[in-house]
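# Summary of structural features
The primary structure of each chain is shown beneath.
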Amino acid sequence: MLYFNLISLLLVVCGAVVLGLQTPHIAESARIYPLVLIVLVVACSAVVAVKEIAGRAATEPLDTRIAKMFSAPLSVRIRVAGFVATWLVYAWVLSEAGFLVATTCAIFASLWLLKIRHALVGFLSAAAFSLVFSILFATVLFIPTPAGPLDQLLTQAIYSIQHKGTQHDH
Amino acid sequence: MWQGLLAALSPTNLFVEVMGVLIGIVFGAIPGLTATLAIALFVPVTFLMKADSGMIMLGGIYAGGIFGGSISAILINVPGTPASIITGWEGYALAREGKAPLALSLAALSSGVGGLLSGVALLFLTPLLSSLALTFGPPEYCALLLFSFTIVTVMMDTPLLRNLLGCFIGLLLTTIGLDPVTGAARFTFGSVDLMSGFNLVAVLVGFFCMTEAAFLAFEGLDRSASDGVIEFGRGHSYRELARTLWTRAATYLRSSTIGVLLGILPAVGPVETPFIAHTVERKFNKKDEKFGKGSVTGLIASECSISANVGGSLMPLISLGIPGSGAAAVFVAALTLHGLQPGPLLFKSEPALIYSFFWGFIAVNLFMLLFGVFAARYFAVVLKLPKRVLATFIALFSILGSYAINNSMFDVGVMFGATALALWLRALRVPILPIVLAVILGPLFEQQTLVLFTTSNSIGDVLGRPIADGFFAVTLVMLAGSVYRRRAAPRPERSERESKCCIST
């Protein structure tokens, strides 16, 4: 644990130093405040590191919830990593695939990785949820979402229904 | 004034009051979607209404959005809005004890009481309190912010140096982007996205929501956990709830007053207020061992101050034309859209509209209170969902919420970065709370510090300000007291304290 703490503190110092190396490129009046903070971060990290080495700092290994996660069986850890990866990939492909497709796939993949009992029900629920929220975002909440080919078709359908309604009123 | 009351109770306005509250609650409950965003989205909708109805609806969205944020914070430890972070600590701990319905109703009651008191202040004290806001200059702001940083840093049980390190890391993060005074780019590495720094909402969603999703995903798979479902909790008696109104009357009053007073200060919005109200209340409740870990008093302090802040932030807006928060700034746009100019003349030119809005704001808070106390506990059925399902949807809404801020994938990246940082720092036992506070208050602190140094000729300029002196004095006393207490504590106690992890923070 000592090594993890020391390496982490070293990384904090490195990060601060990298920022510190940037300060000469900043206008003089704007660099003083961040420079003071960089010095404080480095000094604080150094003192904590020294206390760690001297054995005077905390000896408890990790945050309880993180520690529990690390001590779980490998299969569980792989599934949690898969869960995180699913949502990272979702964020990556959302703009390209569009909200409907990407969200359906991501919800299904996530539920499947977290051991949902019925895969088909999971997939259908994911598709229904994506569709309902896509319509809600477009018509009630006015929240823009990335549009793929399917989303564009849905938008056209919503527009034509609304347009027909308006024409009918006239 | 009484005409305004009748206007606020007209069927149309009653309808928009209820709709505003419901829309606000929905937006507030979804992580990443803030009250400010909801107001901004619905400003064009109000253009189709009469000015007073439109303003009342926006007031309802604002108040509902602020309360809605606490629903997800209490149920799944995911603050719907950044203002609900403290509510999450207290409320989620209560929910874990099987008291989710009580926590939700209590949040609604405190939120409603805070809102109602701020509504009364809006009606009777707007001109008086707004003039107080003008006495706050850079020395007062700096003193108040230093006081907040110090309180959080010294009051936490985790080692002082680690708290300080967290605080400095948070402050350093806020320096990325354009300098607030000169506009010079700092640490942007040529990236245009970094020019405006890291978006606060994206960072907070990363700190709290995505990390919680990962933990819930794990707990959903973990066989040692009960059955993957959080305890729903039993109902509670309304008498028990109402009793808090007199057993904790001082907390309600103190927190509401703090909320209103901080609300009238420009740039101190609902996000910052609960931190200060909660810490002040901690000083008054030293014997409450559950403070920060499921304390009823803590929950009341947080919710009361947030809602009171909403009313407070509208005071300088209406009487001086100065918005007291981001959401209040959007109100300026709404008023302008309706051809109205906020400021001292508004009281003279449109008194009926103003009083109709004030009474409408009170009605909105009453609806929110009733809805929250009698209906919000049904939201607690969320806890009946398996953790794996909760984890999936929290992750989804964290990403969508971050994306919706600026329709930018960059903010989603920031959110993931903040998640990684939060997990790493938790492992390093650097508490998250000082970082969060620094990220929230950092830009204001830097701006006011720079203005203070630029405009002050000598130390006498600062020492001649009684409000600032008061804050500085209290800060110094607290700092000295904390250092002395930590030094005086026997070694085993110190070790025990230093080995505490930052579970709740």
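Residues numbered from 1 in each chain as written. Chains lettered and ligands numbered in written order. Predicted model: local features only at pLDDT ≥ 70, side-chain atom pairs only at ≥ 80, totals over all residues. Heavy atoms only, no water.

Let us now look at the overall build of chain B. A count of helices and strands for chain B gives 22 helices and two strands. Classification of the 505 residues of chain B by burial places 63% in the buried group. Partitioning the contacts of chain B with sequence separation of at least 6, the portion at a separation of at least 24 is 79%. When the accessible area of chain B is evaluated, it comes to approximately 18000 Å², of which 68% is carbon and sulfur surface. (Helix = DSSP H or I, 4+ residues; strand = E, 2+ residues; numbered from the N terminus. Buried < 20%, exposed > 50% of the residue type's maximum accessible area, 1.4 Å probe, protein only. Contact = heavy atoms within 4.5 Å. Areas by Shrake-Rupley, 256 points an atom, 1.4 Å probe, with all protein chains shown as cover.)

Here the focus is the overall build of chain A. Of regular secondary structure, chain A possesses seven helices and zero strands. Taking 2.2 N^0.38 as the reference for a compact globule, 170 residues should give roughly 15 Å; the C-alpha atoms of chain A span a radius of gyration of 26 Å, well beyond that estimate. Buried residues in chain A amount to 37% of all 170 residues. For chain A, contacts bridging at least 24 residues in sequence account for 53% of all contacts bridging at least 6. The average position of the 10 basic charges and that of the 7 acidic charges among the side chains of chain A differ by 13 Å. (Rg over C-alpha atoms; globule rule 2.2 N^0.38 Å. Lys, Arg positive; Asp, Glu negative; His and termini not counted. Charge placed at Lys NZ, Arg CZ, Asp CG, Glu CD.)

So, about the side chain of T23(A). Along the chain, the position of T23(A) falls in the loop between α1 (2–22) and α2 (28–53). In this structure T23(A) comes out as buried when scored by relative accessible area, which is 5%. Beyond its immediate sequence surroundings of up to four residues, T23(A) is in contact with R31(A), L35(A), I38(A) and F187(B).

With that out of the way, let us pick up the nonpolar core. W87(A), Y90(A), I39(B), F331(B) and F358(B) are the most contacted members of the largest nonpolar core, which has 123 residues in total. The element that contributes the greatest number of residues to this core is helix α4 (residues 51–76) of chain B, accounting for 14 residues. With 63 residues, the next largest nonpolar core counts A49(A), W89(B), A277(B) and L441(B) among its residues. (Core = buried A, V, L, I, M, F, W, Y, C linked by side-chain atoms within 4.5 Å.)

This part covers the domain arrangement of chain A. Taken domain by domain, chain A consists of domain 1 (1–71) and domain 2 (73–170). Placing the centre of domain 1 of chain A and that of domain 2 of chain A at their C-alpha centroids yields a distance of 40 Å. (Domains from an automatic or database assignment.)

Right, let's talk about helix α18 (residues 409–427) of chain B for a bit. Residues and elements named next belong to chain B. Over its 19 residues, α18 extends 27 Å from the first C-alpha to the last, a length consistent with the 27 Å expected when each residue adds 1.5 Å. Along α18, the residues classified as buried are D411, V412, V414, M415, F416, A418, T419, A422, L425, R426 and A427. A side-chain oxygen of the first residue of α18 lies 3.0 Å from the backbone nitrogen of F410; this N-cap is S408. Phi turns positive, to about 65°, at R429, one or two residues after α18. (Expected span 1.5 Å × (residues − 1). Polar contact = N/O pair within 3.5 Å; in protein donor to acceptor, adjacent residues only side chain to side chain.)

Bringing a nonpolar patch on the surface into the picture now. A cluster of nonpolar residues, F15(B), V18(B), M19(B) and L22(B), forms a patch on the protein surface that exposes about 320 Å² of accessible area. With respect to the helices and strands, V18(B) occurs in helix α2 (residues 11–29). (Patch = residues over 30% accessible without salt bridge, like charges linked within 9 Å, V, L, I, M, F, W, Y side chains within 5 Å. Salt bridge = Lys/Arg side-chain N within 4 Å of Asp/Glu carboxyl O.)

On to the interface of chain B and chain A, then. Chain B puts 65 residues into the contact, and the matching count from chain A is 69 residues. In total, chain B and chain A occlude about 6000 Å² of area from one another, counting both sides; carbon and sulfur atoms represent 76% of this. Its largest share of buried area at the contact with chain A, chain B owes to F187(B), F218(B) and L221(B), together 11% of the area lost on that side. The partner of R429(B) in a salt bridge is E52(A), with the nearest N and O atoms 3.8 Å apart. Taken together, the links from chain B to chain A amount to six residue pairs in polar contact (both at pLDDT 80 or more). (Buried area = accessible area lost by both parts, 1.4 Å probe.)

The tally for this structure, following the rule as stated, stands at 12 aromatic pairs over all chains. Note on F357(B) and F358(B): the rings are 6.2 Å apart at their centroids and 45° apart in plane angle, and the pair reads as tilted. F357(B) sits in the buried class, given a relative accessible area of 2%. Classification of F358(B) as buried rests on a relative accessible area of 0%. Taken together through their ring pairs, the aromatic side chains of F99(A), F129(A), F133(A), F137(A), F393(B) and F397(B) make up a single cluster. The ring of F284(B) has R254(B) lying over it, and the distance from NZ or CZ to the ring centre is 3.8 Å. (Phe/Tyr/Trp six-rings, centres within 6.5 Å; stacked < 30°, edge-to-face > 60°. Lys NZ or Arg CZ within 6 Å of the ring centre and 35° of its normal.)

Helical geometry note: an α-helix holds 3.6 residues per turn, so side chains three or four residues apart project in the same direction. Residue and element names in this part refer to chain B. Here helix α17 (residues 387–406) contains 20 residues, and its C-alpha end-to-end distance of 30 Å stays within 8% of the 28 Å for a straight helix at 1.5 Å per residue. Extensive coverage of α17 is indicated by the burial of 16 of its 20 residues. Just past α17, the residue N407 takes up positive phi, approximately 50°.

Our next topic: the side chain of N5(A). Residues and elements named next belong to chain A. Considering the arrangement of structural elements, one finds N5 in helix α1. On the basis of relative accessible area, N5 is assigned to the buried category, the value being 1%. Only 3.2 Å separates the side chain of N5 from the side chain of E52, close enough to count as a polar contact.

Okay, the environment of V13(A) next. All names here are of chain A. Relative to the helices and strands, V13 resides in helix α1. Sequence spacing of V13 and S45 is 32 residues, and the spatial spacing of their C-alpha atoms is 6.7 Å. Excluding anything up to four places from it in sequence, V13 contacts V42 and S45.

All names here are of chain B. Inspection of every chain in the model, using the stated rule, returns seven salt bridges over all chains. A salt bridge links E281 to R254, with the nearest nitrogen and oxygen atoms 2.6 Å apart. A residue pair is termed long-range when its members are at least 10 positions apart, and E281 in helix α12 (residues 273–284) and R254 in helix α11 (residues 249–263) qualify at 27 residues. With a relative accessible area of 0%, E281 lands in the buried category.

Residue and element names in this part refer to chain A. In contact at an axis separation of 9 Å, helix α4 (residues 74–97) and helix α5 (residues 99–113) are set at 175° when each is read in the N-to-C sense. With respect to α5, the axis of α4 lies roughly antiparallel. Across from R79, G82, F83, T86, W87, Y90, V93, L94 and A97 in α4, the residues of α5 making contact are F99, V101, A102, T103, A106, I107, A109, S110, W112 and L113. Per-class residue counts for the contact of α4 with α5 are 14 nonpolar, four polar and one charged. (Axes fitted to C-alpha atoms, helices over the stretch in contact; angles between N-to-C directions. Parallel < 35°, antiparallel > 145°, perpendicular 65-115°, else oblique. Nonpolar A, V, L, I, M, F, W, Y, C, P; charged D, E, K, R; others polar.)

Attention shifts here to the packing of helix α9 (residues 200–221) of chain B against helix α19 (residues 432–455) of chain B. Residue and element names in this part refer to chain B. For the pair α9 and α19, interaxial distance at closest approach is 11 Å and the crossing angle is 170°. In this view, α9 runs roughly antiparallel relative to α19, as classed from their interaxial angle. Judged by residue contacts, L200, V203, L204, F207 and F208 of α9 engage I432, I435, V436, V439 and I440 from α19. Across the contact of α9 with α19, the residue classes break down as 10 nonpolar, no polar and no charged.

Attention now moves to unusual backbone geometry. Outside of glycine, negative phi angles account for most residues, and trans bonds account for most peptide bonds. All names here are of chain B. A positive phi is found at F189, a non-glycine position, where the angle reads about 50°. Here F189 lies in the loop between β2 (185–186) and α9. The exposure class of F189 is exposed, given its relative accessible area of 51%. Of note in the backbone geometry, R429 takes a positive phi value of approximately 65° without being a glycine.

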